[in-house]
Amino acid sequence: MSVGALLLPGLDGGRTLLHPFARALSPNAEVLPYPDEPLGYDDLEQLVRTRLAQTSATVLIAESFSGPLAIRIAATPPPSLTHVVLVATFARAPMSPRIAPLLSLAFAAPPPKALIRALMVGPDASNELVAHVQAAIRQTAPRTLRARAKEALRVDVRKAMNAIRIPALYLQPTQDRLLRPLPLPAGKNWSHVAIPAPHLLLQTRPEACAAAILRFANV
């Protein structure tokens, strides 16, 4: 059994970090990369909606930075979209907007390995995964990464989240040291699965995440 899914990436905006999870989930899972440009959530939402109209995907899966996009789309979904999955993400600015000026200094170089282990993949992650994360970040221009981070610090889609009526699943990494847990609206359409893992949940626990999503989508 398989499911048609469109996967939205984290801050790096690329395909590579999500490929192992996509393979574990379904042969019909597609990762949508973002242009390496400083686009805001409005422009990216149109990109995602256009791609959804071109595919047979019925499940939208969004990781970290892309969570607000998926929330906005699921609040007014296209007819083909039946389920939404939010992974290690947020509905409002995950950190104080007051740190925005510091972003001009950030992303000048990929984060050091120690920081990736501490905040993203956990101390037990393989050297290969750490290098993979560094490479994915290195492939995106620093100005693009800074622009996306600034968008995340301005976002607030809590009203849209409360408007979601299609089945929605939140996958929470219980060892996330980057983001706080996502408060969920009351509603029978919401499901929550907690998995012992660091922030990059889909990369560190791809099989467990795939199994949870397939159960959620009744596949």
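Placed above this text is the structure.
Rules and cut-offs
- Residues numbered from 1 in each chain as written.
- Predicted model: local features only at pLDDT ≥ 70, side-chain atom pairs only at ≥ 80, totals over all residues.
- Heavy atoms only, no water.
- Helix = DSSP H or I, 4+ residues; strand = E, 2+ residues; numbered from the N terminus.
- Buried < 20%, exposed > 50% of the residue type's maximum accessible area, 1.4 Å probe, protein only.
- Contact = heavy atoms within 4.5 Å.
- Areas by Shrake-Rupley, 256 points an atom, 1.4 Å probe, with all protein chains shown as cover.
- Lys, Arg positive; Asp, Glu negative; His and termini not counted.
- Charge placed at Lys NZ, Arg CZ, Asp CG, Glu CD.
- Axes fitted to C-alpha atoms, helices over the stretch in contact; angles between N-to-C directions.
- Parallel < 35°, antiparallel > 145°, perpendicular 65-115°, else oblique.
- 1 Å grid on protein atoms, 1.4 Å probe; cavity = no way out; pocket = protein on both sides within 12 Å on 5 of 7 lines; lining within 4 Å.
- Points joined across faces, edges and corners; volume = space filled by probe spheres on them.
- Nonpolar A, V, L, I, M, F, W, Y, C, P; charged D, E, K, R; others polar.
- Left-handed = near helix turned anticlockwise from the far one by under 90°.

Enquirer: Even after reading the chapter, I still don't get the overall build of the protein chain, so can you show me in this structure?
Expert: Of regular secondary structure, the protein chain possesses nine helices and six strands. Taking the principal axes of the C-alpha coordinates as reference, the protein chain spans close to 40 × 35 × 30 Å. Looking at the 219 residues of the protein chain, the share that counts as buried comes to 53%. Of all intrachain contacts in the protein chain linking residues separated by at least 6 positions in sequence, the fraction that spans at least 24 positions is 67%. On the protein chain, roughly 10,200 Å² of surface is accessible, and the fraction owed to carbon and sulfur atoms is 55%. Each charge sign in the protein chain was given a centre, from 23 positive and 14 negative side chains, and these centres are 5 Å apart.

Enquirer: I would appreciate a short explanation of the packing of helix α4 (residues 113–121) against helix α5 (residues 127–138) in the present structure.
Expert: α5 packs onto α4 with a crossing angle of 95 degrees between their chain directions and a minimal axis gap of 10 Å. With respect to α5, the element α4 is oriented roughly perpendicular. Contacts between α4 and α5 pair K113, I116, R117, M120 and V121 from the former with N127, L129, V130, V133 and Q134 from the latter.

Enquirer: Where do I start with the layout of surface pockets in this structure?
Expert: In this approach the atoms are scanned with a rolling probe the size of a water molecule, which exposes any empty space left behind. Looking at the second largest pocket, its volume works out to about 170 Å³. The class makeup of the residues in the lining of the second largest pocket is nine nonpolar, two polar and three charged.

Enquirer: Help me out: how do you make sense of helix α3 (residues 67–75) in this one?
Expert: Residues spaced three or four apart along an α-helix face the same direction, because each turn holds 3.6 residues. For α3, the buried fraction is high: eight of the nine residues fall into the buried class. Residues G67, P68, L69, A70, I71, I73, A74 and A75 constitute the buried set of α3. Check the buried side of α3 and you find it contacts β1 (5–8), α2 (41–54), β3 (59–63), β4 (83–87) and α7 (158–162).

Enquirer: It is not clear to me how the environment of N189 should be interpreted in this structure. Could you clarify?
Expert: Positionally, N189 belongs in the loop between β5 (168–173) and β6 (190–195). Assessed through its relative accessible area of 18%, N189 is described here as buried. Expressed as a C-alpha distance, the spacing of N189 and A168, which sit 21 residues apart in the sequence, is 6.0 Å. Filtering out sequence-adjacent residues up to four positions away, N189 remains in contact with I164, R165, I166, P167 and A168.

Enquirer: Before we go on, may I ask you to explain the packing of α2 against α3 in this structure?
Expert: In helix packing, the relevant descriptors are the interaxial angle and the interaxial distance, both defined with respect to the helix axes. Taken N-terminus to C-terminus, the directions of α2 and α3 make an angle of 60 degrees; their axes are 10 Å apart at the nearest point. Comparing the axis directions of α2 and α3 gives the class oblique. When the axes of α2 and α3 are compared, the crossing they make is right-handed. For the pair α2 and α3, contact is made by Y41, D42, L44, E45, V48, R49 and L52 and by P68, L69, R72 and I73, respectively. Partitioned by chemical class, the residues of the contact of α2 with α3 number seven nonpolar, no polar and four charged.

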